[in-house]
Amino acid sequence: EKAFTSPFSNAPRMVAARQSQNGDTLFIDSKITFTTGGRTNVWNTNELWILKDEGKILSVRQTSNAYRVKRSVTAIYNKE
């Protein structure tokens, strides 16, 4: 886990990353805490990076929770 300053309003950001036991998956969790209008808000993001098909496919899934909104996006990249 490591602390960073987020480009989002210079808010503090904590990031933790770990790799799966077999090495094909990377897990990245981050949390940004910021204050706006006197109210403290938290923005959590979870990323899952998976290499598939002997490294020919990269799948990236990002899920985030902020402002009472949950968002999930998946991108697939093929090596040519």
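The rules behind these values
Residues numbered from 1 in each chain as written. Predicted model: local features only at pLDDT ≥ 70, side-chain atom pairs only at ≥ 80, totals over all residues. Heavy atoms only, no water. Helix = DSSP H or I, 4+ residues; strand = E, 2+ residues; numbered from the N terminus. Contact = heavy atoms within 4.5 Å. Areas by Shrake-Rupley, 256 points an atom, 1.4 Å probe, with all protein chains shown as cover. Pairing = 2+ DSSP bridges. Buried < 20%, exposed > 50% of the residue type's maximum accessible area, 1.4 Å probe, protein only. Lys, Arg positive; Asp, Glu negative; His and termini not counted. Salt bridge = Lys/Arg side-chain N within 4 Å of Asp/Glu carboxyl O. Polar contact = N/O pair within 3.5 Å; in protein donor to acceptor, adjacent residues only side chain to side chain.

### Topic: the overall build of the protein
Here is step 1: The helix and strand tally for the protein stands at zero helices and six strands.
Here is step 2: The helix and strand sequence of the protein, counted from the amino end, reads β-β-β-β-β-β.
Here is step 3: When contacts within the protein are restricted to residue pairs at least 6 apart in sequence, those whose partners lie at least 24 apart make up 10%.
Here is step 4: Per element, the accessible surface of the protein, about 6200 Å² overall, is 50% carbon and sulfur.

### Digging into the pairing of strand β5 (residues 57–66)
Regular strands have side chains that alternate between both faces of the sheet.
Here is step 1: Sheet topology places strand β4 (residues 39–52) next to β5; nine bridges connect them, and they run antiparallel. Directly across from L48, in β5, lies its bridge partner R61.
Here is step 2: As paired elements, β5 and strand β6 (residues 69–78) share 10 bridges and run antiparallel to each other. Bridged to I57 within β6 is N78.
Here is step 3: In textbook terms, the turn of a hairpin is the stretch between consecutive antiparallel strands, and for β5 and β6 this stretch comprises two residues, one of which, Y67, has a positive phi near 50°.

### Topic: the side chain of E47
Here is step 1: With respect to the secondary-structure elements, E47 resides in strand β4.
Here is step 2: Despite being buried, E47 has no salt bridge partner; R13 is the closest side chain of opposite charge, sitting 5.3 Å away.
Here is step 3: Only 2.9 Å separates the side chain of E47 from the side chain of W49, close enough to count as a polar contact.
Here is step 4: Sequence-distant contacts of E47, that is, excluding residues within four places in its chain, are made with L26, F27, I28, R61 and Q62.

### Structural notes on the environment of Q62
Here is step 1: Among the structural elements, Q62 can be located in strand β5.
Here is step 2: For Q62, a relative accessible area of 23% translates into the label partly exposed.
Here is step 3: C-alpha of Q62 to C-alpha of N46: the two residues are 16 residues apart in sequence and 5.7 Å apart in space.
Here is step 4: When near neighbours in sequence (up to four residues on either side) are disregarded, Q62 contacts T45, N46, E47, R71, S72 and V73.
Here is step 5: Side chain to side chain, Q62 and E47 meet in a polar contact 3.4 Å long.

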